[in-house]
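Structure at a glance
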Amino acid sequence: MEGVKLIDIKEEVLAENKGLAAGIRANLASAGGCLVNLMSSPGSGKTSLILRSLDHLQDDHRISVIEGDIDSMVDSEAIARQGILAVQIRTGGFCHLNAAMVEK
């Protein structure tokens, strides 16, 4: 079509993130660990699901939670009150965590 220029990038935008995430998963697997990524809209029940899951899992498994939030620590504080190590990542405006944030 005239007036349209195609630029073919040949590399996924998130290729670097995927590679870093694969390294994180490999390190956890070699240590016998597991990582579950839970994402959804605000207010959809993620923290409630985590807290209920912890009720059932914490006696038999060593668990910690990495919590991402734009500015609040409310969810990580609720997890810590349950006796679970919680690491809060303040994303500074991003609505998700990427592999580099989790790696730190």
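These remarks concern the structure in this document. Since the structure is predicted, the reported quantities are computational estimates derived from the model, not experimental observations.

**Quick notes on the side chain of Glu67**
Its place among the elements puts Glu67 in strand 1 (residues 64–69). Put simply, Glu67 is tucked away with no salt bridge, and the nearest opposite charge, on Lys46, sits 7.0 Å away. When neighbours within four sequence positions are excluded, Glu67 is seen to be in contact with Asp75, Ser76, Ile79, Val87, Gln88 and Ile89.

**Some points on the packing of helix 2 (residues 46–57) against helix 3 (residues 74–81)**
In the contact formed by helix 2 and helix 3, the axes pass within 11 Å of each other and the chain directions differ by 10°. Our classification of the angle between helix 2 and helix 3 gives roughly parallel. On helix 3, the residues touching Thr47, Ile50, Leu51 and Leu54 of helix 2 are Asp75, Ala78 and Ile79. Looking at the contact of helix 2 with helix 3, its residues break down into five nonpolar, one polar and one charged.

**A short note on the pattern of salt bridges**
Summed over the entire model, instances satisfying the criterion amount to one salt bridge. A salt bridge links Asp71 to Arg90; its shortest N-O distance comes to 4.0 Å. With Asp71 in the loop between strand 1 and helix 3 and Arg90 in strand 2 (residues 85–90), this residue pair connects regions lying 19 residues apart in the sequence. Accessibility classification places Asp71 together with Arg90 in one group, the exposed group.

**Some details on helix 3**
Listed as buried for helix 3 are Ser76, Ala78 and Ile79. Angularly, the buried residues of helix 3 cover 155° about the axis, an arc narrow enough to put them on a single face. Along helix 3, exposed side chains directed more than 90 degrees from the buried face belong to Val74 and Arg81. The elements touched by buried residues of helix 3 are helix 2, strand 1 and strand 2. Positive backbone phi, approximately 85°, marks Gly83, located one or two places after helix 3.

**Examining the pairing of strand 1**
Relative to strand 2, strand 1 is paired through six bridges, and the arrangement is parallel. The residue of strand 2 that forms the bridge with Ile66 is Val87. For the crossover from strand 1 across helix 3 to strand 2, the handedness is right-handed.

What counts, and at which threshold
Residues numbered from 1 in each chain as written. Predicted model: local features only at pLDDT ≥ 70, side-chain atom pairs only at ≥ 80, totals over all residues. Heavy atoms only, no water. Helix = DSSP H or I, 4+ residues; strand = E, 2+ residues; numbered from the N terminus. Buried < 20%, exposed > 50% of the residue type's maximum accessible area, 1.4 Å probe, protein only. Lys, Arg positive; Asp, Glu negative; His and termini not counted. Salt bridge = Lys/Arg side-chain N within 4 Å of Asp/Glu carboxyl O. Contact = heavy atoms within 4.5 Å. Axes fitted to C-alpha atoms, helices over the stretch in contact; angles between N-to-C directions. Parallel < 35°, antiparallel > 145°, perpendicular 65-115°, else oblique. Nonpolar A, V, L, I, M, F, W, Y, C, P; charged D, E, K, R; others polar. Arc of directions from axis to C-beta. Pairing = 2+ DSSP bridges. Right-handed = clockwise from strand over helix to strand, strands pointing away.

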